[in-house]
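Residue-level listing of the chains:
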Amino acid sequence: MLIVFASIAVLGVTVFIIERLNQFGQEENNLKFISLAQAGIQEAIYNFRFRDLTGNGYFPLGTVNIDSNQSYQLSASAADLLMVNTATAATGGSGNSDIRNLSIQNATNSNTVTIARMIISWNNSRTLRIIRINGGNRWTGNLSSPANANITDFTLNTTPTVYAVNYLRFSGNMNGAKISVQFIMTDGSSKTLEIFPASNNYNFVVDATGKLSGVSQNRTITADYNARTAKITVYAETP
C-alpha cells in the first residue's frame, strides 16, 4: 500500500511539474509574441516616417523573418491603408458650394486600394451634386444627406502618390457645415471620418502579428498612426 501511495504521489507531483513547465513555456511564448508584434508596429511606422522625409510615406506589408523561429506579419484592410488628409479642407467655388483641399493616399507599396462608394453626411438642406477626384468626375447626381454615392471606382496604386479630392460640390453655401464621409472599399472594409471643418486627420492603421515557428498560437497588436501629428492614437492588442 505504501508503494502504491508513493507511486500516486510521485505521479501527481510529476503532472503538476509538467503543467507548470507548460505554463511557463506558454508565458514565455506570449512575451515573444508581443515583443515581435511590437517590433512590427515600430518597423511600419519607422519605414513610413523615413520615406515621408523625402517624399510620400509608405511601408510594406507581409512577413518579416527575424530568424528561423521568429517572425512578424504586417497586414491591413484597404480602409486601414486609405489616408485622408483633412488639414486644409475649406469651402470654395461659386457661392462657397464646394468642399476643397482634401487629399488621399495609399499607406503601402504592397497593395492597391480601391474606393467603391462614398456615403456623405452633412447637417444642412443642401444636396450633393458632384464628386471630383484626381481631375475627373467620379460621381454626379442630386442627393440629400446622407448621400450614398456609388462612385466610379477609384484605385490608389502602389507607387506612393497623393491624389487630390478636387471637390465635393453641393447645391449651395456650405460654410458652417459639418461633413463626414464613409469610404467603402472594394474589399468590403470601410473608414468613416469628419472631413470638414479642417482637422489633423491623416491616419493609417496597421496590424502586426508575432509568430513562432511550430506554434499555432500568435498575438496581434493594432496601431492607428497619425502622420500629421506623428503620434499613435490607438495602440491595443486585437482579441
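So, here is what we can say about the structure in this document. (Residues numbered from 1 in each chain as written. Predicted model: local features only at pLDDT ≥ 70, side-chain atom pairs only at ≥ 80, totals over all residues. Heavy atoms only, no water.)

### Section: the nonpolar core
Phase 1: Ranked by size, the top nonpolar core spans 59 residues in total, and within it I104, M118, I120, I131, L168 and I179 carry the most contacts.
Phase 2: It is helix α1 (residues 2–52) that provides the largest number of residues to this core, a total of 8 residues.
Phase 3: Sequence-distant contacts of I131, defined by excluding residues within four places in its chain, comprise M118, I120, G136, N137, R138, W139, A149, I151, Y167 and L168. (Core = buried A, V, L, I, M, F, W, Y, C linked by side-chain atoms within 4.5 Å. Buried < 20%, exposed > 50% of the residue type's maximum accessible area, 1.4 Å probe, protein only. Helix = DSSP H or I, 4+ residues; strand = E, 2+ residues; numbered from the N terminus. Contact = heavy atoms within 4.5 Å.)

### Re a nonpolar patch on the surface
Phase 1: A contiguous nonpolar surface patch, about 400 Å² in accessible area, is contributed by Y46, F50 and L53.
Phase 2: Within the secondary structure layout, F50 lies in helix α1. (Patch = residues over 30% accessible without salt bridge, like charges linked within 9 Å, V, L, I, M, F, W, Y side chains within 5 Å. Areas by Shrake-Rupley, 256 points an atom, 1.4 Å probe, with all protein chains shown as cover. Salt bridge = Lys/Arg side-chain N within 4 Å of Asp/Glu carboxyl O.)

### Concerning the environment of G62
Phase 1: Tracing the chain through its elements places G62 in strand β1 (residues 62–65).
Phase 2: For G62, a relative accessible area of 26% puts it in the partly exposed group.
Phase 3: For G62, the residues in contact, after removing those within four places along its chain, are Y72, Q73 and L74.

### Considering the pattern of salt bridges
Phase 1: The full count for this structure, using the stated rule, is 4 salt bridges.
Phase 2: The salt bridge partner of R169 is D98, with a shortest N-O separation of 2.8 Å. Taken together, the residues span a long stretch of sequence, with R169 in strand β13 (residues 167–170) and D98 in strand β5 (residues 98–100) at a distance of 71 residues.
Phase 3: A relative accessible area of 26% places R169 in the partly exposed class.
Phase 4: With its nearest N and O atoms 2.7 Å apart, the salt bridge here joins R219 to E237. Of the two residues, R219 sits in strand β17 (residues 219–226) while E237 sits in strand β18 (residues 231–238), which places them 18 residues apart along the sequence.
Phase 5: Residue classification places R219 among the partly exposed positions, given a relative accessible area of 23%.
Phase 6: Counted as one network, the salt bridges with shared partners bring together D98, R100 and R169.

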